[in-house]
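Structural characterization, general
If you want the building blocks of each chain, they are given just below.
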Amino acid sequence: MGSDDYRAGVAGGEYLAGKGNTNGVCVNTLPGAANIENFCSGFVEGITEAGGEGSVLPLPATSFGSATAVAQAVRAHLLQNPQINAIFTVGNVDSNSAISGVQQAGKMGQVAVCGINFDETILNNIKDGKMACAIDQQGYMQGYLAVSILNARVNYGLTVPTREILTGPGIIDSSNVEATMAGVSEGTR
């Protein structure tokens, strides 16, 4: 039950390439962590298969959770690699930091940002056009389905005939950000 990290990365790469972003980098703030590596390798495959180029920017693990370190790394990487026009991040905190780095590099409107998960700031950034998209794993649905399936098993002996039930990846972008924000205000997102 849940989302597949690799497929989430592929979805981000495909989405960005589909919007005309031909050269993207995945900012990896936890090199060596299997799920993060899967996000980044999926992103590189997704953007490459859609006709673009993808790479990974591994940062020291000490940068994890440091908005300043991530923003500075993104800024420096963009200035050293002016061909990059898309950034993929592995978490909502990193997405906010990447936006700051894009701004510091003077590349706002030239470099699209997409990342895994979202918070209120991410949704507002999407709404305001500062961020292209967020990859949604639909945590509410993960919990709801798990409890519902368990209840059906315990009370009625029912089983689900599949080993994998994916709740993501979903794409939150300007086309559905208002609906997502409505779900957040109702406590279902």
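Scroll up for the structure.
Residues numbered from 1 in each chain as written. Predicted model: local features only at pLDDT ≥ 70, side-chain atom pairs only at ≥ 80, totals over all residues. Heavy atoms only, no water.

1. Topic: the sheet that holds strand S3 (residues 86-89)
The 6 strands lie next to each other as S2-S1-S3-S4-S5-S6, forming an open sheet whose pairing is mixed. What marks the edges here is a single partner per strand, and that holds for strand S2 (53-58) and strand S6 (170-172). Strand-to-strand twist in this sheet, taken as the mean axis angle between neighbours without regard to direction, amounts to 20 degrees. The pairing of strand S1 (residues 23-28) with S2 spans 6 bridges and is classified as parallel. The partner of Cys 26 across the bridge, within S2, is Val 56. With respect to the sheet, helix H4 (residues 92-104) is in contact with S3 and strand S4 (112-116), its orientation differing from that of S4 by roughly 165 degrees. (Pairing = 2+ DSSP bridges. Helix = DSSP H or I, 4+ residues; strand = E, 2+ residues; numbered from the N terminus. Axes fitted to C-alpha atoms, helices over the stretch in contact; angles between N-to-C directions. Contact = heavy atoms within 4.5 Å.)

2. Points about the state of the cysteines
Disulfides are covalent bonds that link the sulfur atoms of two cysteine residues. In total, this model carries 2 disulfides according to the counting rule given. Here Cys 26 is linked by a disulfide to Cys 40, with a sulfur-sulfur distance of 2.1 Å. Between Cys 26 and Cys 40, the disulfide has an S-S torsion of -65 degrees and is therefore left-handed. Residue Cys 26 is found in strand S1, and its partner Cys 40 is found in helix H2 (residues 34-49); the two are separated by 14 residues along the sequence. (Disulfide = S-S within 2.5 Å.)

3. What to know about the pairing of S4
Most of S4 is tucked away, with 5 of its 5 residues classed as buried. Burial of the side chains of S4 extends over both faces: Ala 112, Cys 114 and Ile 116 are buried on one face and Val 113 and Gly 115 on the other. As paired strands, S3 and S4 are joined by 4 bridges and run parallel to one another. Across the sheet, the residue bridging to Ile 87 is Val 113, located in S4. Since S3 and S4 lie parallel, the crossover through H4 that links them has a hand, and here it is right-handed. For S4 and strand S5 (residues 133-136), the ladder comprises 3 bridges, and the chain directions are parallel. Following the sheet pairing, Ile 116 is matched in S5 by Ile 135. (Buried < 20%, exposed > 50% of the residue type's maximum accessible area, 1.4 Å probe, protein only. Right-handed = clockwise from strand over helix to strand, strands pointing away.)

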